[in-house]
Amino acid sequence: MPMPLSFRFYFRGYAMLVRQWLIRCVSLVVRKMSPEKIRAFPIDRQAFLVREVAARLDSLHGDSATSFWRAKATELFDLVVRSGRDRAAASDEVRRFFFAVQKEISAGAATEPMPILSA
């Protein structure tokens, strides 16, 4: 009469099957993902970054604002290019970011109370 298999044997076999199934699933997902299918979150939709740059630009004036913006635009352009976008698409994305910053600055100016001038 054969000996019945222990619970440990069943558990070990089950664990091996689950592990193999997970490996197959992960490899299938990795195969289906390709760099052209992956899209980074657009920088113009990153509200915290837009507000941060808008606040900084709003506090600067003249040449210091221009140099800050150029440095930030270059930094963002390089970031977008490194994420896999071509240069034209990266330029468009930085341009949309600039418009989002301008919109944020305008919205901030519209909410500030107007001073009452007396004659």
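As a starting point, this report considers the structure included with it. (Residues numbered from 1 in each chain as written. Predicted model: local features only at pLDDT ≥ 70, side-chain atom pairs only at ≥ 80, totals over all residues. Heavy atoms only, no water.)

## A word on the packing of aromatic side chains
Part 1 of the argument: Within this structure, the stated rule accounts for three aromatic pairs.
Part 2 of the argument: On the numbers, 6.2 Å between centres and 10° between planes, the contact of tryptophan 69 with phenylalanine 97 is stacked. Here phenylalanine 97 lies in helix H4 (residues 87-111) and tryptophan 69 lies in helix H3 (residues 63-82), a separation of 28 residues in the sequence. An identical accessibility class is assigned to tryptophan 69 and phenylalanine 97; each is buried.
Part 3 of the argument: Summarising the aromatic geometry, the rings of phenylalanine 98 and phenylalanine 99 are spaced 6.4 Å apart at their centres and angled 45° between planes, so their arrangement reads as tilted.
Part 4 of the argument: Judged by its relative accessible area of 26%, phenylalanine 98 is partly exposed.
Part 5 of the argument: Connected via pairs of aromatic rings, a cluster forms that spans Trp69, Phe97, Phe98 and Phe99.
Part 6 of the argument: The ring of phenylalanine 68 carries the charged tip of arginine 56 above its face, separated from the ring centre by 5.2 Å. (Phe/Tyr/Trp six-rings, centres within 6.5 Å; stacked < 30°, edge-to-face > 60°. Helix = DSSP H or I, 4+ residues; strand = E, 2+ residues; numbered from the N terminus. Buried < 20%, exposed > 50% of the residue type's maximum accessible area, 1.4 Å probe, protein only. Lys NZ or Arg CZ within 6 Å of the ring centre and 35° of its normal.)

## Looking at a nonpolar patch on the surface
Part 1 of the argument: Together, Val18, Trp21 and Leu22 make up an exposed nonpolar region whose accessible area comes to about 290 Å².
Part 2 of the argument: Turning to its location among the elements, valine 18 is positioned in helix H1 (residues 7-32).
Part 3 of the argument: Looking at valine 18, the relative accessible area reads 32%, which means it is partly exposed. (Patch = residues over 30% accessible without salt bridge, like charges linked within 9 Å, V, L, I, M, F, W, Y side chains within 5 Å. Areas by Shrake-Rupley, 256 points an atom, 1.4 Å probe, with all protein chains shown as cover. Salt bridge = Lys/Arg side-chain N within 4 Å of Asp/Glu carboxyl O.)

## Concerning the pattern of salt bridges
Part 1 of the argument: One pass over the full model with this rule turns up five salt bridges.
Part 2 of the argument: With a shortest N-O distance of 4.0 Å, glutamate 104 and arginine 51 are connected by a salt bridge. Taken as a pair, glutamate 104 in helix H4 and arginine 51 in helix H2 (residues 47-59) lie far apart in primary sequence, 53 residues in all.
Part 3 of the argument: Residue classification places glutamate 104 among the partly exposed residues on the basis of a relative accessible area of 31%.
Part 4 of the argument: Close ionic contact of aspartate 92 with arginine 95 constitutes a salt bridge, the shortest N to O distance being 2.8 Å. Of this pair, aspartate 92 and arginine 95 both sit in helix H4, three residues apart, which is roughly one turn of that helix.
Part 5 of the argument: Taking relative accessible area as the criterion, arginine 95 reaches 41% and is therefore assigned partly exposed.

## Examining the packing of H2 against H3
Part 1 of the argument: Interhelical geometry of H2 versus H3 gives an angle of 160° and a closest axis separation of 10 Å. In terms of orientation, H2 lies roughly antiparallel with respect to H3. Along the contact surface, H2 presents Leu49, Val53, Arg56 and Leu57, while H3 presents Ala65, Phe68, Trp69, Lys72 and Leu76.
Part 2 of the argument: Looking at the contact of H2 with H3 residue by residue, the class counts come to seven nonpolar, no polar and two charged. (Axes fitted to C-alpha atoms, helices over the stretch in contact; angles between N-to-C directions. Parallel < 35°, antiparallel > 145°, perpendicular 65-115°, else oblique. Contact = heavy atoms within 4.5 Å. Nonpolar A, V, L, I, M, F, W, Y, C, P; charged D, E, K, R; others polar.)

Such coordinate-based values are descriptive only and should not be taken to indicate function.
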